[in-house]
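If you want the building blocks of each chain, they are given just below.
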Amino acid sequence: MLELYPGELNVDKIFSRWRKWGEDKNFGAFITFVGTVREEDGIEALSFDVYEPILRRWFEQWQQRAKSRGAVLRMAHSKGNVPIHTSSYMAAVFSPKRRVALDLIEEFVEDFKANAPIWKYDIKNGERIYAKDRSHPIEGSGLLDSI
Amino acid sequence: MLELYPGELNVDKIFSRWRKWGEDKNFGAFITFVGTVREEDGIEALSFDVYEPILRRWFEQWQQRAKSRGAVLRMAHSKGNVPIHTSSYMAAVFSPKRRVALDLIEEFVEDFKANAPIWKYDIKNGERIYAKDRSHPIEGSGLLDSI
Amino acid sequence: MVRVEFLGPIGKEPMEMEARSLKDVAKRLQEDPTLKQWLGQCAVAVNDQIVKSLDTPLKSGDKVSLLPPVCGG
Amino acid sequence: MVRVEFLGPIGKEPMEMEARSLKDVAKRLQEDPTLKQWLGQCAVAVNDQIVKSLDTPLKSGDKVSLLPPVCGG
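What you see is a predicted model, and the numbers here were worked out from it, not measured in a lab. Every chain is numbered independently, its residues counted from 1 as its sequence is written. Lettering of chains starts at A and numbering of ligands starts at 1, both following the order in which they are written. Whole-chain, interface and lining totals are the exception, using all residues; otherwise, since this is a predicted model, local features are given only for residues with pLDDT of at least 70 and side-chain atom pairs are given and counted only at 80 or more. The side-chain quantities take in all heavy atoms of the structure and omit both hydrogens and water.

1. Overview of the overall build of chain A
- Here a strand is any run of E in DSSP of at least two residues, a helix any run of H or I of at least four, and the numbering for each starts at the N terminus. Looking only at helices and strands, one finds 3 helices and 7 strands in chain A.
- Seen in sequence order, chain A has helices and strands lined up from the N terminus as β-α-β-β-α-β-β-α-β-β.
- If one aligns the C-alpha atoms of chain A with their principal axes, the spans along those axes are about 50 × 45 × 25 Å.
- Residue burial in chain A is summarised as follows: out of 147 residues, 56% are buried.
- Only four residue types enter the tally: Lys and Arg on the positive side, Asp and Glu on the negative side; His and the chain ends are excluded. Every charge is mapped onto a representative atom, which is NZ of Lys, CZ of Arg, CG of Asp or CD of Glu. In chain A, which carries 22 positive and 22 negative side-chain charges, the distance between the mean positions of the two groups comes to 7 Å. Partly exposed describes any residue whose relative accessible area lies between the buried limit of under 20% and the exposed limit of over 50%, with all areas from a 1.4 Å probe on protein chains only and scaled to the type maximum.

Following this line, the structure appears as structure tokens:
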């Protein structure tokens, strides 16, 4: 249910495949979130490092939370370079009714932004620059500096 | 930005067209909601009456609200019969950043459920039965009974 | 003459009547036993705008619509 | 020996060291000037589980990962 791709996502294809998967499972609500690289500050692309083992654990915990509410989550993310106006992130919730789906997509996307082990870089004039100012310390950061 | 179709929606096609429309407009977030007819209580399909003039006014008010927050809404809905496991409703928000998109999709879908002039019927053994118990009086209902 | 339309599941043919305000329409519709179950649950639009006051004035050619409880999606 | 890995933008080669708990690792890394800007901002995982206590015991073969501030999506 967690898919990683080199470079930009083929959004239509992933959407269609996810939708078809849910088609015969009697879900009444299907919400997708698509994140697209914005043209700003003269960047050519964004680039991503993903640490897969912890990302998979983080995702599995969310999947269990979703399951306890009758829902299913899916997610796709890019690794490496993603040009402006193409997409690097997709998340989806399937659920029997709309309320759980609306709640979950928000909680999941916000926690993804706060805690998923993914690092973002701006590509400017071919250089890869860590997007430090837009990055967030994961919950519990600073432990090794606390003595 | 408001599309009405006889019968079930071609979800993949509508999604793809909407996404392409937004592709070069520098939106960072694109959220879609898809409502699918659930198999329950032995129904064969749902059926919908839509009163288009008021639906279009209602939608245009929401479009203005979205615009004031830098966002754009889209919506598609079925008229007539929609078989189980096919979709009757799609809504979408495009916005520069995720927060507005997450807020708007929830507010828009909830107000749609409460106030859009659409009536739902169960199709059971070929009969069309008003889904009275699942329907909600529009805000301000009862006016003509108030003297 | 104003025209009164019954939307969705009410399933009643449109009516034409003389009315100078929504109050006149309300009085007339309250006399119709087939509408008894609907009036308390319906919103009202004049020329496709939802209205909230019985004092809403009407003129000849206006359209009054009754909107029973909705359930889209 | 435990192995310490530096994820994402830290850009530092893994280190091997003797350590019986995370406290030993902390002391050792605090001696490294190239890590000064990172330690206060990094979360820590032991064998790919995020941990919250310096008393977390370590044994030979364990992997310690430093996770700098993230920004997916």
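2. Section: the side chain of serine 88 of chain B
- Topologically, serine 88 of chain B is positioned in strand S5 (residues 87-95).
- At 3.3 Å, the side chain of serine 88 of chain B forms a polar contact with the backbone oxygen of glycine 73 of chain C.
- Those residues in contact with serine 88 of chain B, other than ones at most four positions away along the chain, are Leu9, Gly35, Val37, Phe48, Ala76, His77, Ser78 and Val82 of chain B together with Gly73 of chain C. In protein, a polar contact means a hydrogen-donor-capable atom and an acceptor-capable atom, both N or O and within 3.5 Å, with residues adjacent in sequence counting only if both atoms are side-chain atoms; elsewhere, any N or O pair within 3.5 Å suffices. Contacts between residues were defined by any pair of non-hydrogen atoms, one from each residue, lying within 4.5 Å.

3. Here's the deal with the relation of the copies chain A and chain B
- What sets the superposition is a least-squares fit of C-alpha atoms, and only residues with pLDDT of at least 70 in both copies go into it. Placing chain A over chain B gives an RMSD of 0.0 Å and needs a rotation angle of 180°, together with 0.0 Å of translation along the axis. Taken together, the rotation and translation describe the operation of a two-fold axis. Distance from the rotation axis, computed per C-alpha, reaches its smallest value in chain A at threonine 32 of chain A: 2.7 Å.
- A share of 100% of interface residues in chain A that are also interface residues in chain B marks the association as one of identical surfaces.

4. Re the interface of chain A and chain D
- In this assembly, 35 residues from chain A lie in contact with 36 residues from chain D.
- Note: buried area is the sum, over both parts, of the accessible area (probe 1.4 Å) each one loses when the two are combined. When the two sides are added together, the surface that chain A and chain D hide from each other amounts to roughly 3000 Å², 63% of it contributed by carbon and sulfur.
- Interface area lost by chain A to chain D is led by Leu143, Leu144 and Ile147 of chain A, which between them contribute 26%.
- Salt bridge, as used here: a side-chain nitrogen of Lys or Arg that lies within 4 Å of a carboxyl oxygen of Asp or Glu. For the interface between chain A and chain D, the tally reads 1 salt bridge.
- As a salt-bridge pair, lysine 52 of chain D and glutamate 139 of chain A come within 3.7 Å of each other at their nearest N and O atoms.
- Mapped by element, the contributors of at least two residues to the side of chain A that touches chain D are strand S3 (45-50), helix H2 (52-67), strand S5 (87-95), helix H3 (98-115) and strand S6 (118-124) of chain A.
- Each residue is assigned to one class: nonpolar for Ala, Val, Leu, Ile, Met, Phe, Trp, Tyr, Cys and Pro, charged for Asp, Glu, Lys and Arg, and polar for all the others, Gly among them. Of the residues in the side of chain A that touches chain D, the class split is 18 nonpolar, 9 polar and 8 charged.

5. Describing the sheet that holds strand S2 (residues 15-17) of chain D
Residue and element names in this part refer to chain D.
- Here, any two strands with at least 2 DSSP bridges between them count as paired. The strand order across the open sheet built from 5 strands is S2-S1-S5-S3-S4, with neighbouring strands paired in mixed fashion. Taken across any chain shown, the strands that pair with only one partner, and hence form the sheet edges, are S2 and strand S4 (49-51). The sheet shows a mean angle of 30° between the axes of neighbouring strands, direction not considered.
- Strands in contact with helix H1 (residues 22-30) are strand S1 (2-6), S2, strand S3 (43-46), S4 and strand S5 (63-67); relative to S2, the strand with the most contacts, it is inclined by about 125°. Axis lines are fitted through C-alpha atoms, for helices just across the contact stretch, and the angle between N-to-C directions can take any value from 0 to 180 degrees.

6. Observations regarding unusual backbone geometry
- Its identity is not glycine, yet aspartate 41 of chain B carries a phi of approximately 55°, on the positive side.
- Relative to the helices and strands, aspartate 41 of chain B is located in the loop between strand S2 (29-36) and strand S3 (45-50).

7. Thoughts on the pattern of salt bridges
- This structure, assessed with the given rule, holds 44 salt bridges over all chains.
- Among the salt bridges present, the one from arginine 69 of chain A reaches glutamate 107 of chain A, with a minimum N-O distance of 3.1 Å. One end of the pair, arginine 69 of chain A, is in the loop between H2 and strand S4 (72-83); the other, glutamate 107 of chain A, is in helix H3, with 38 residues separating them in the sequence.
- Salt bridges here are not isolated pairs; linked through shared partners, they connect Arg98, Arg99 and Asp103 of chain A together with Glu106 and Glu110 of chain B.

8. Considerations on the interface of chain A and chain B
- In this assembly, 34 residues from chain A lie in contact with 34 residues from chain B.
- For the chain A and chain B pair, buried surface summed over both sides reaches about 3000 Å², with 48% attributable to carbon and sulfur atoms.
- Interface area lost by chain A to chain B is led by Asn26, Arg38 and Arg98 of chain A, which between them contribute 20%.
- On inspection of chain A and its partner chain B, the count reaches 10 salt bridges.
- Salt-bridge contacts for arginine 19 of chain A lead to aspartate 12 of chain B; the nearest nitrogen and oxygen are separated by 2.6 Å.
- For the interface between chain A and chain B, the tally reads 21 residue pairs in polar contact (both at pLDDT 80 or more).
- Residue assignment for the side of chain A that touches chain B shows that the elements contributing at least two residues are helix H1 (11-22), strand S2 (29-36) and H3 of chain A.
- When residues in the side of chain A that touches chain B are grouped by element, the largest group, 9 residues, is from H3 of chain A.
- The pairing of S2 of chain A with S2 of chain B spans 7 bridges and is antiparallel. Across the sheet, valine 34 of chain A pairs through a bridge with phenylalanine 30 of chain B, a residue of S2 of chain B.

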